[in-house]
Amino acid sequence: DGAAKTPAQLEATIRALPRVATGVDGLDRLLDAFAAAAAVKVKVHCRGDRHIDDHHSAEDVAISLGQCLHEAVGDKAGLRRMAFATRRVGACEVRAVLDLSNRPHVTSDLRFDEEFLGDAAPGPGEVLVETRAAGLNFAEVLQTKGLYQERLEPPFVPGNECSGTVEAVGAGVAHVKAGDAVIALPRGGAWARHCVVSGAAVAPLPKPPSSDAEWRQAASLAVAYGTADMALRRRARMSEGETVLITAAAGGVGLAAVELAAQAGCNVIAATGSPEKAEIALAAGAAAAVSYGDDPRAFREHVKELAPGGVDVAVDMVGGPHLEAIVRSMAFDGRCVVVGCVEIKQ
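All of the points below concern the structure found in this document. All residue numbers here refer to positions counted from 1 along the written sequence of the relevant chain. For this predicted model, a pLDDT threshold of at least 70 governs which residues receive local features, and a threshold of 80 or more governs which side-chain atom pairs are given and counted, while totals over whole chains, interfaces and linings are taken from all residues. Side-chain metrics rest on all non-hydrogen atoms present in the structure, leaving aside hydrogens and water.

### Considering the overall build of the protein
Here is step 1: Strands are runs of DSSP state E lasting at least two residues, helices are runs of H or I lasting at least four, and both sets are numbered from the N terminus onward. In terms of helices and strands, the protein carries 10 helices and 13 strands.
Here is step 2: Per-residue burial over the protein gives 42% buried out of 346 residues.
Here is step 3: The contacts in the protein between residues at least 6 apart in sequence include a share of 64% that link residues at least 24 apart.
Here is step 4: Only the protein chains shown count as cover for residues, with accessible areas throughout obtained via the Shrake-Rupley method and a probe of 1.4 Å. As displayed, the protein has an accessible area near 18,400 Å², and 52% of this comes from carbon and sulfur atoms. A simple rule labels every residue: compare its accessible area, found with a 1.4 Å probe on the protein chains alone, to the largest value its type can have, and call it buried under 20%, exposed over 50%, or partly exposed in between. By definition in these notes, contact holds between two residues if any of their heavy atoms fall within 4.5 Å.

What follows is the structure in structure tokens.
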């Protein structure tokens, strides 16, 4: 992608740029040129008295930061989309943010290999599950891009939820036994024929699934519905008769939230990005649907029309400029729970 890969290459890139004046302004101009040369974006924040002393130049700072950030554009950390570094040069503390979001998405370069990982065996308190179906959620997408809060170094086996059959249990596990049909939350590793899971993250199914479709339904239950239940009941303290606004309402967690809120007797407003998605949310139990649109203020007006008294509970999975519109739409004592953000308002 044209980005420098090693400290030496970064230093060479910087030294090849035209010299600029010493000081913060010169540093900003130098790093702008470096960002263009390296096909990445660099932001620099200077703290203190914003002065680089007479013994150091903007070039010194840029080279130091380039060396510090080289791993972010190297092969080992190729999945990372953002990198941060702080250096003190003279009286100035400089913090750089290296933004790799313009680089090609790594998901287009992923290769899935079939590899024998060895015979797995559960340890004390663990369960060995033979996987029948595994879920795919936004968390796995973030993991493969290196953006998830629990970063996994590649190569790794993705997958945070699955359904399957217990093959063996470790010492101390009594609530399931070999042959039981279960759902499991392995926190990585579910996209394999077998996975070892903590016994606390394994639950027996009421009855064994009788078809592949039922195994798939079981595999997609825990993350979406568990997240929705956590947001609505435990965090927002949703109660019958309240107005509940759910964004990304046609997604996995969104649909689960629509169903749970409707079953609890709430007036559910589904926010989606298209009429087709709105129909999906309405079929799941939403009383009304609203489109985000491009104007957050228009979005807020539409919500106000549907909920003149304000929104009692909001579950947001979009973020960005619409989050402010949602917060401003809340009723007195309203509760807004942010589950995730597709975009972040700068």
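### Focus on the pairing of strand β11 (residues 288-291)
Here is step 1: Along β11, the buried face is formed by Ala288 and Val290; none of Ala289 and Ser291, which line the opposite face, is buried.
Here is step 2: Any two strands with at least two DSSP-identified bridges between them are counted as paired. Direction of pairing for strand β10 (residues 267-272) relative to β11: parallel, over a ladder of 4 bridges. Bridge pairing in β11 links Thr272 to Ser291.
Here is step 3: Seen with the strands pointing away from the viewer, any crossover whose path from the first strand over the helix to the second strand runs clockwise is right-handed. Chirality of the crossover, the property in question, places the unit of β10, helix α8 (residues 275-283) and β11 among those that are right-handed.

### Re unusual backbone geometry
One can expect most non-glycine residues to show negative phi and most peptide bonds to be in trans.
Here is step 1: Positive phi, normally seen in glycine, also occurs at Arg237, with a value near 55°.
Here is step 2: Among the structural elements, Arg237 can be located in the loop between α6 (222-235) and β9 (243-247).
Here is step 3: Of note, Ala248 is a non-glycine position whose phi angle comes to about 50°, a positive value.
Here is step 4: Summarising the element assignment, Ala248 is placed in the loop between β9 and α7 (252-263).
Here is step 5: Taking the relative accessible area as the measure of exposure, Ala248 reaches 27% and is therefore partly exposed.

### Some thoughts on the pairing of strand β6 (residues 181-184)
Here is step 1: The side-chain alternation of β6 yields two buried faces, one formed by Ala181 and Ile183 and the other by Val182 and Ala184.
Here is step 2: Across 3 bridges, β6 lies against strand β8 (residues 202-204) in antiparallel orientation. By the bridge assignment for β8, Val182 is matched with Pro204.

### Quick look at the pattern of salt bridges
Here is step 1: Any Lys or Arg side-chain nitrogen located within 4 Å of an Asp or Glu carboxyl oxygen qualifies as a salt bridge. The tally for this structure, following the rule as stated, stands at 6 salt bridges.
Here is step 2: Its salt-bridge partner being Asp295, residue Arg297 comes within 3.9 Å of it at the nearest N-O pair.
Here is step 3: Here Arg297 falls in the exposed class, since its relative accessible area comes to 67%.
Here is step 4: Note that Glu324 and Arg328 form a salt bridge whose closest N and O atoms lie 3.1 Å from each other. Of the two residues, Glu324 and Arg328 are both situated in helix α10 (residues 321-328); the distance of 4 residues between them amounts to about one turn of the helix.

Remember that the coordinates give geometry; whether it matters functionally is a separate question.
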